[in-house]
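Working through the structure, step by step
Each chain is listed here by its residues.
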Amino acid sequence: MPAVTSVRPDGVGVITLDSPPVNSLGSDLVTSFMQEFPKLVEDPKVKAIVVTGKGALFCGGAEITEFAVMVAMGAEKFKETNPVAHLSKMMDLIDASPKTVVAALNGPALGGGAEVSLACHYRVAAPKSSVGFPEVNLGLLPGAQGTQRLPRVAPLPTAMTMILQGKPLNAEAARKNGIVDVVAKGDVLEEAAEFALSHPPAPISKREVPKTNRFMVAAGALESGLNTAVKAAPLMIAPRSIIKCFEAACSKKSFREGVQVELEEFSKLVFSVESAALRHLFLSERLAQKVPGVNEKPAPLKKIGILGAGLMGGGIAMCFVQKGVPVVLKDAKQEWLDGGMKKIVSLWEGQLKKGRLSKEKFKQYMSLLKPTLDYGDFKDVDMVIEAVPEIMDLKKQVFLDIEKSTKPDAFICTNTSGLNIDDIAAVLKDPSRVMGTHFFSPANVMQLLENIRTAKSSNRTLSTGMAMAKLISKKVVMVGNCDGFVGNRMLAPYAGEAKMLVEEGATIEQIDKAAQTFGMAMGPMALGDLVGLELFWKQRQAANDMKKQTKTYYGPYELTDWLCEQGRYGLKTPDPKIKANGRGVFIHRGREKFVDPEVVAKLEEIRKTKGVTARPVSDEEIVERLFFPLINEGFKILEVYIYGYGFPPSKGGPMFFAENYVGFKKILEKLKIYGAQAKERFTKNPHYLPIDYFEPSKLLEACVAKEGTKVFPGQTLIDVVLKDFRKQSPGPGPFSKL
Ligand SMILES: C/C=C/C(=O)SCCNC(=O)CCNC(=O)[C@H](O)C(C)(C)COP(=O)(O)OP(=O)(O)OC[C@H]1O[C@@H](n2cnc3c(N)ncnc32)[C@H](O)[C@@H]1OP(=O)(O)O
């Protein structure tokens, strides 16, 4: 029953939004609310009305899955049956009630949920509730009168931060900003009922926009708000539409006229490819949390052991401590431990100085983090995550040491980015306790976590790994144990082509700028320095004889070899005393970086040796050669089975980008052209090794063949093609060396 009504003995009619899991405003709930609410208005026994939500949330907003259906209807049909206009009518109904309507915010009121609360005449909020407008994160705006109601109650800067940046306010902050009338001290429903009985109806739509808000708009506040939003997310189109709605609200326009502007802007956004991409990401991220067959109750994680206090280990330790989980951080040498602790403490001190961390929290963090050299301190931890250097024998040895020092049911995770986890786990008596947890650098910042299942990981290990990700607020993807897992596997051709393009004549700056203009948070050259160049170097050295390998060769290695031989590993130089510290492709000074003339000279030398004449490379070619092979690799992975590396969210992930921005056919054609060029380079120039990342994926070819096939709203052509493909696919191949 989506909207449930009852009448209390004190004459307050209660209408409860009841649509699990988040009381989203799907058409069923809206229709039922519009049938039930008038009954309360007309009931002579009802003196006032309270709107509340069932469960932990007031309301999670409009039903996101229904947007795809709206888009599929097409623009013309959408005009006639616009479900958001329907939602707007629900707001009018509440607003126009002759009886006082109070929202009892039992939990978060988000998007359309916040709009329902603002359509009510007053808001009484539980202390743990919040009010937020996250629509911008879906490439949308509050299309059910939110942009017109919020500036009527809140100061313009608050309204702008909330809607333009999607930042929610907790109950107390919402009260201070005029959005909430009372923060309940006791039972929120009781207090809302009491409030409703003692206050007259007061619709926000009848309020004037405060003069200060109008002055601020006249003084150009909207432009500066827009600049901030655009700076944070340059490719987003929603902020410009949101500004138009605020302009309408704070001008001489009536509430109704403002609502009309809002509806028009919303309609534009809902049809945009950016919004489709962001909605796709929202739903895909949640889909990725559900691993078929992994259904055992996760074990509690009360204490964590981290082995290795380097960049990764330290960052992982921070993730847990910042969520209040005690961590034992172990390393083998005092100086390594001290170095790791120093880095962690300096990061927290930096936050303290900027006012982002309170002194109390800082103290709490310090008390939760225990540095140690003694394996004995792992005796009561529930999970150990090892983050020691990527050397197979070392990993096997530390696994044996962890086994000896932990409880038999403690989980053992390896933060490898490339080693075969089945091989590491095989040294243990009970390999079912093992899984891979591949964090991305810097681990305390990056949102992605790849959990890797081994052949023997138990259901409980895997479910606890997924729960662990949720505990530390990571977006998690469960992947199989194969070369480079998913992230690095897709990154390898991207990084390889970046190096190849530099050799061909593109400048280092040009490569990174082209990638950043596309929307990447960082270019591939800077990324190499950030994650550490020695990873690739060591992996390559580990391979016996590169020249004999015929497959999976990723890009030229001469420059990286030269840099690493001098200890220029980028920002991940292990020994702080070494002169090359902070040097890689770039020279890094604090947040600034410069291309080193020595690197440019070395490149010239490499070209000479290889007989390559530098040529001008267009930005278009750079983008195509960086991303198309990456997409191709994604298809290869999808032949069996996406968040990281800062891929622009407005493009929805590489596969969504391929389908909706470029088209499969163009990608296939370009892969063939660039692949033929790479083959010619390999055949004619003995300095080059063969590469296979331009070799088109069978799934991509199948998608090209099926282009034009009708798909259901919300579904992708890849979904459709994958269904048939699953049966025939050989998988991503066995675990092989780079
Ligand atoms: C004109 C008006 C426009 C709008 O209102 S646009 C929508 C604006 N609202 C939002 O953007 C809110 C999005 N939702 C969230 O931020 C979070 O979710 C919550 C804070 C509400 C809850 O978070 P947590 O408790 O961690 O749960 P979870 O895994 O994110 O979601 C549980 C299930 O609920 C589904 N869901 C959440 N919000 C919506 C929604 N607005 N429409 C449809 N489904 C929603 C998810 O997908 C998932 O589903 P599964 O269990 O199948 O994985």
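Residues numbered from 1 in each chain as written. Predicted model: local features only at pLDDT ≥ 70, side-chain atom pairs only at ≥ 80, totals over all residues. Heavy atoms only, no water.

1. Considering the site of the ligand
Around the ligand sit 24 residues in total, of which Gly 60, Ala 62, Gly 112, Arg 286 and Lys 290 are the nearest. At 2.9 Å, a backbone N or O of Ile 64 approaches a nitrogen atom of the ligand. A distance of 2.7 Å separates an oxygen atom of the ligand from a polar side-chain atom of Arg 286. About the coverage of the ligand: the protein hides 73% of its 970 Å² of free accessible area. The set of elements that each furnish at least two residues to the shell around the ligand consists of helix 5 (112-119) and helix 14 (273-289). Across the shell around the ligand, the residue classes break down as twelve nonpolar, six polar and six charged. (Near = heavy atom within 4 Å. Polar contact = N/O pair within 3.5 Å; in protein donor to acceptor, adjacent residues only side chain to side chain. Areas by Shrake-Rupley, 256 points an atom, 1.4 Å probe, with all protein chains shown as cover. Helix = DSSP H or I, 4+ residues; strand = E, 2+ residues; numbered from the N terminus. Nonpolar A, V, L, I, M, F, W, Y, C, P; charged D, E, K, R; others polar.)

2. Comments concerning the sheet that holds strand 4 (residues 101-105)
Read across the open sheet, the six strands follow the order 1-2-3-4-6-9; overall the sheet is mixed. At either margin of the open sheet sits one strand with a lone partner, and together these are strand 1 (3-7) and strand 9 (182-183). The pairing of strand 3 (residues 48-53) with strand 4 spans four bridges and is classified as parallel. Within the sheet, the bridge partner assigned to Val 50 lies in strand 4 and is Val 102. (Pairing = 2+ DSSP bridges.)

3. Some remarks on empty space enclosed by the protein
Reported here for the largest cavity is a volume of approximately 100 Å³. Every residue lining the largest cavity is listed: Leu 25, Ser 27, Val 30, Ala 62, Glu 63, Glu 66, Met 70, Pro 83, Val 84, His 86 and Leu 87. For the lining of the largest cavity, the secondary-structure elements that each account for two or more residues are helix 1 (27-42), helix 2 (65-73) and helix 4 (83-95). Classifying every residue of the lining of the largest cavity gives seven nonpolar, two polar and two charged. (1 Å grid on protein atoms, 1.4 Å probe; cavity = no way out; pocket = protein on both sides within 12 Å on 5 of 7 lines; lining within 4 Å. Points joined across faces, edges and corners; volume = space filled by probe spheres on them.)

4. Thoughts on the nonpolar core
Ranked by internal contacts, the top residues of the largest apolar core, which has 81 residues, are Ile 508, Ile 631 and Phe 635. Looking at which element gives the most residues to this core, the answer is helix 27 (residues 619-638), with nine residues. In contact with Phe 635, other than residues within four places in its own chain, are Met 655, Ala 658, Phe 664, Ser 697, Leu 699, Leu 700, Cys 703 and Ile 718. The next biggest cluster of nonpolar side chains, apart from the first, holds 76 residues, and it includes Val 131, Val 136, Leu 150 and Leu 263. (Core = buried A, V, L, I, M, F, W, Y, C linked by side-chain atoms within 4.5 Å. Buried < 20%, exposed > 50% of the residue type's maximum accessible area, 1.4 Å probe, protein only. Contact = heavy atoms within 4.5 Å.)

5. So, the packing of aromatic side chains
As enumerated under the stated definition, the model contains eleven aromatic pairs in all. Seen from their ring centres, Tyr 122 and Phe 195 are 5.1 Å apart, and the 65° between their planes marks the pair as edge-to-face. Pair noted here: Tyr 122 is in strand 6 (residues 122-125) and Phe 195 is in helix 9 (residues 188-198), with a separation of 73 residues, a long-range link. Considered together, Tyr 122 and Phe 195 belong to a single accessibility category, that of buried residues. An aromatic cluster of three or more residues is present, and its members are Tyr 494, Phe 518, Phe 627, Phe 657 and Tyr 661. The lysine or arginine in question, Lys 330, covers the ring of Tyr 375, its NZ or CZ lying 4.4 Å from the ring centre. Above the plane of the ring of Phe 586 lies Lys 593, whose end atom (NZ or CZ) is 5.2 Å from the centre. (Phe/Tyr/Trp six-rings, centres within 6.5 Å; stacked < 30°, edge-to-face > 60°. Lys NZ or Arg CZ within 6 Å of the ring centre and 35° of its normal.)

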